[in-house]
Amino acid sequence: MDSPGSRDESIGTIEKLIQYFRDGARPPEAFRVGIEQEKLAVRSDGTAVPQDGPDGIAELLRKLERRGFVAQIEDGRAIALGRGQDRITLEPGGQLEFSGAALRTAIDCRAALVAHVREVSELGRPLDIRFISGGFRPFGRLDDVPWFAKRRYVVMRDFLPRVGRLGHEMMKRTATVQANLDFADEDEAADKMRTALALSPLLTAMFASSPISEGKPNGYLSYRAAVWLEVDEARCGILPFAFKPGFGFRDYVEWALDVPMFFLVRDGRYHPVGGMPFRRFFVEGWNGETATIGDWETHLSTLFPDVRLKRYIEVRGADAAPLPFAAGLGAIWRGLLDDRSARQAAFALVADASVDERERLRREVPRAGLAARLSGRLLSDLAPEICHIARQGLAGLPGGVADQVLLDPLAELAAARRCPADDMLDTFNSVGGDAAKLVDAWEIDPV
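Residues numbered from 1 in each chain as written. Predicted model: local features only at pLDDT ≥ 70, side-chain atom pairs only at ≥ 80, totals over all residues. Heavy atoms only, no water.

Colleague: What is the right way to look at the overall build of the chain in this model?
Modeller: Each helix and strand counted, the chain has 18 helices and 17 strands in total. Taken over C-alpha atoms, the radius of gyration comes to 21 Å for the chain, in line with the 22 Å a tight globule of 447 residues would show. Principal-axis analysis of the C-alpha atoms gives the chain an extent of 60 × 50 × 40 Å. Burial analysis of the chain (447 residues in total) assigns 59% to the buried set. Considering only contacts within the chain whose residues lie at least 6 apart along the sequence, 74% involve residues at least 24 apart. Across the chain, the 58 positively charged side chains and the 66 negatively charged ones have centroids separated by 1 Å. (Helix = DSSP H or I, 4+ residues; strand = E, 2+ residues; numbered from the N terminus. Rg over C-alpha atoms; globule rule 2.2 N^0.38 Å. Buried < 20%, exposed > 50% of the residue type's maximum accessible area, 1.4 Å probe, protein only. Contact = heavy atoms within 4.5 Å. Lys, Arg positive; Asp, Glu negative; His and termini not counted. Charge placed at Lys NZ, Arg CZ, Asp CG, Glu CD.)

Colleague: What should I look at first to understand helix H6 (residues 186-206) in this one?
Modeller: Three or four residues apart is the spacing at which side chains of an α-helix point the same way, because the helix has 3.6 residues per turn. Taking 1.5 Å of rise per residue, the 21 residues of H6 would be expected to cover 30 Å, and the 29 Å separating its terminal C-alpha atoms lies within 8% of that figure. At serine 200, H6 is bent by approximately 45°, the largest bend along its length, and proline proline 201 sits one to four residues beyond. Burial within H6 is extensive, with 18 of its 21 residues counted as buried. Two or three places before aspartate 187, at the opening of H6, aspartate 185 has a side-chain oxygen 3.3 Å from that residue's backbone nitrogen. (Expected span 1.5 Å × (residues − 1). Bend = angle between axes of the 7 residues up to and from the residue. Polar contact = N/O pair within 3.5 Å; in protein donor to acceptor, adjacent residues only side chain to side chain.)

Colleague: Explanation requested: the pairing of strand E7 (residues 176-181) in the structure shown.
Modeller: In summary, the side chains of a regular strand alternate between the two faces of the sheet. Among the six residues of E7, six are classified as buried, and the element is accordingly described as predominantly covered. Side chains of E7 alternate between two faces, with Thr176, Gln178 and Asn180 and Val177, Ala179 and Leu181 buried alike. Pairing of E7 with strand E15 (residues 313-319), which is carried by five bridges, proceeds in the antiparallel orientation. Counterpart to valine 177 in the pairing with E15 is alanine 318. (Pairing = 2+ DSSP bridges.)

Colleague: Is there a simple way to explain the environment of isoleucine 11 in this structure?
Modeller: Mapped onto the elements, isoleucine 11 comes out in the segment before helix H1 (14-22). A relative accessible area of 3% places isoleucine 11 in the buried class. It is 8.5 Å that separates the C-alpha atoms of isoleucine 11 and tryptophan 296, two residues lying 285 residues apart in sequence. Those residues in contact with isoleucine 11 that lie beyond four places of it in its chain are Lys16, Leu17, Phe278, Phe282, Ala291, Thr292, Ile293 and Trp296.

Colleague: Hey, could you run me through the pattern of salt bridges in this one?
Modeller: Close approach of charged atoms allows side chains with opposite charge to pair. According to the stated counting rule, one finds 43 salt bridges in the structure shown. Ionic pairing is found between glutamate 119 and arginine 83, a salt bridge with its closest N-O pair at 2.9 Å. Of this pair, glutamate 119 sits in helix H3 (residues 106-124) while arginine 83 sits in strand E3 (residues 77-83), and the two are 36 residues apart along the sequence. The partner of arginine 308 in a salt bridge is glutamate 314, and the shortest N-O contact between them spans 2.6 Å. Assessed through its relative accessible area of 7%, arginine 308 is described here as buried. Residue glutamate 314 is classed as buried on the basis of its relative accessible area of 1%. One network of salt bridges, in which partners are shared, links Arg67, Arg83, Glu119 and Glu122. (Salt bridge = Lys/Arg side-chain N within 4 Å of Asp/Glu carboxyl O.)

Colleague: Before we go on, may I ask you to explain the pairing of strand E11 (residues 263-266) in this structure?
Modeller: Neither face of E11 is left uncovered, since the one carrying Phe263 and Val265 and the one carrying Leu264 and Arg266 both have all their residues buried. Two strands pair when backbone bridges link them, and E11 and strand E12 (residues 269-272) are joined in this way by four bridges, in the antiparallel orientation. When the bridges of E12 are listed, phenylalanine 263 appears paired with proline 272. Between E11 and E12, which follow one another and run antiparallel, lie two residues, and aspartate 267 among them has a positive phi close to 55°.

Colleague: Quick question: what am I supposed to make of the nonpolar core here?
Modeller: Counting 112 residues, the largest nonpolar core has Tyr252, Trp296, Ile332, Trp333 and Leu379 as the members making the most contacts within it. The greatest single-element share of this core, amounting to 11 residues, is contributed by H6. The residues contacting leucine 379, other than those within four sequence positions of it, are Pro201, Leu202, Ala205, Leu361, Val365, Gly369, Leu370, Ala372 and Leu374. One finds Val155, Leu166, Met170 and Phe262 within the second-largest nonpolar core, a separate group that totals 20 residues. (Core = buried A, V, L, I, M, F, W, Y, C linked by side-chain atoms within 4.5 Å.)

Colleague: Is there a simple way to explain the side chain of asparagine 180 in this structure?
Modeller: As for its placement among the helices and strands, asparagine 180 is situated in strand E7. Residue asparagine 180 is classed as buried on the basis of its relative accessible area, which comes to 11%. A polar side-chain atom of asparagine 180 sits 2.9 Å from a polar atom in the side chain of glutamate 36. At a separation of 3.0 Å, a polar atom in the side chain of asparagine 180 contacts the side chain of glutamine 178. Dropping the residues within four chain positions of it, asparagine 180 is found in contact with Arg32, Val33, Gly34, Glu36, Tyr312, Ile313 and Glu314.

Colleague: I'm lost on the state of the cysteines in this one. Help?
Modeller: Two cysteines joined by a covalent bond between their sulfur atoms form a disulfide. Tallied over the full model, the rule gives zero disulfides. With no disulfide of its own, cysteine 387 lies 13 Å from the sulfur of cysteine 419, the closest cysteine sulfur. Cysteine 387 gets classed as buried once you look at its relative accessible area, which sits at 3%. According to the relative accessible area criterion, cysteine 419 is buried, its value standing at 2%. (Disulfide = S-S within 2.5 Å.)

The following block contains the structure:
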């Protein structure tokens with residue numbers, strides 16, 4: 001549950017911020033993997049679902065409460081639910097996000113995700129709430145999507161248009177799936193982050209699932225990724241410093257300290273701070289308030305690089321692709337990152353690229369997908385190799401052999417040099433763009 005500012009321990013020194021990450025290390029035998037999946041909520045005709053009313057998202061949340069979820073209330077509204085270690089939260093445009101427990105294997109995460117999708121679909125359908133795959137809302141204009149009430153979103157809604165052209169598009173119309181993984185120590189965390197950042201554009205291309213917006217093809221394969229290019233470059237992107245020799249926690253801390261803050265949270269209230277960098281707040285305070293570990297945790301949650309460091313590593317570059325792909329994300333990243341030999345082999349495929357080449361690729365992938373090139377090689381040539389390396393990596397991990405089956409849909413499409421967006425465009429053309437038929441086709445199938 002989101003409880004920003006709840007840890008009131010003062011920071012004191014930058015070393016304490018570095019130690020914050022070191023304290024996240026755990027032995028490999030205790031490694032876990034987690035999946036966070038966002039879903040686009042639509043009516044049967046493709047229109048947006050409101051927050052309130054007898055058939056709105058709020059009513060769906062009330063039904064979930066009757067299934068044993070406990071609501072987090074803000075201004076009289078449920079903004080998140082928790083049951084055991086599973087969490088359901090609301091995104092600014094009504095996207096429903098599932099944050100599953102950290103589990104031993106990717107196949108365990110898949111089971112939790114399927115159970116979640118089955119439950120919300122079962123409760124949502126009588127309300128004419130359907131959940132569809134895709135990295136960007138395919139129907140309606142930006143203004144057709146209502147803002148969902150949540151205090152932190154009010155501040156972000158005001159701040160982001162000052163620093164990027166498409167901040168509101170990101171908030172209201174995008175959806176993603178991410179994988180979370182552990183690290184054994186600082187050196188391994190740095191190696192995993194570097195490898196994941198290097199491979200992130202390739203995974204974005206493999207998972208591209210947002211070729212339709214406002215009811216027609218938009219010229220992109222991952223329009224979600226294109227939107228993120230124009231949100232806030234100060235807190236997004238590939239973190240060039242991660243590719244420098246000696247990269248470690250201090251580098252991430254120094255970067256995070258200089259990123260402007262969205263807000264300061266006190267007693268549940270979100271106070272805009274005018275884009276003050278966390279470093280300044282750390283040194284000077286703000287309106288008599290001093291920086292705490294809780295403030296640091298909140299600030300870390302407002303940074304949006306392709307790979308984000310907390311007390312674990314979040315890999316964030318994928319569209320909310322159809323369920324077989326969403327379930328496979330944990331498997332492919334687990335195989336690529338948790339096995340040292342696989343990690344080395346995967347990075348070797350892209351090690352020679354310069355930072356400028358990596359940035360060009362990041363900007364080319366949203367439109368070109370697997371047809372983009374890195375260091376002269378087509379991503380469509382690299383994708384099958386990455387699937388093979390991940391499969392080998394899983395073979396040496398606890399429970400990894402069972403996880404290998406989750407790579408099959410990814411490997412099959414990679415071998416065909418396609419991504420989910422290609423299938424979505426085929427479906428769009430076959431039904432003549434009929435929104436109701438597309439909702440039927442793209443509804444997440446919990447099987």
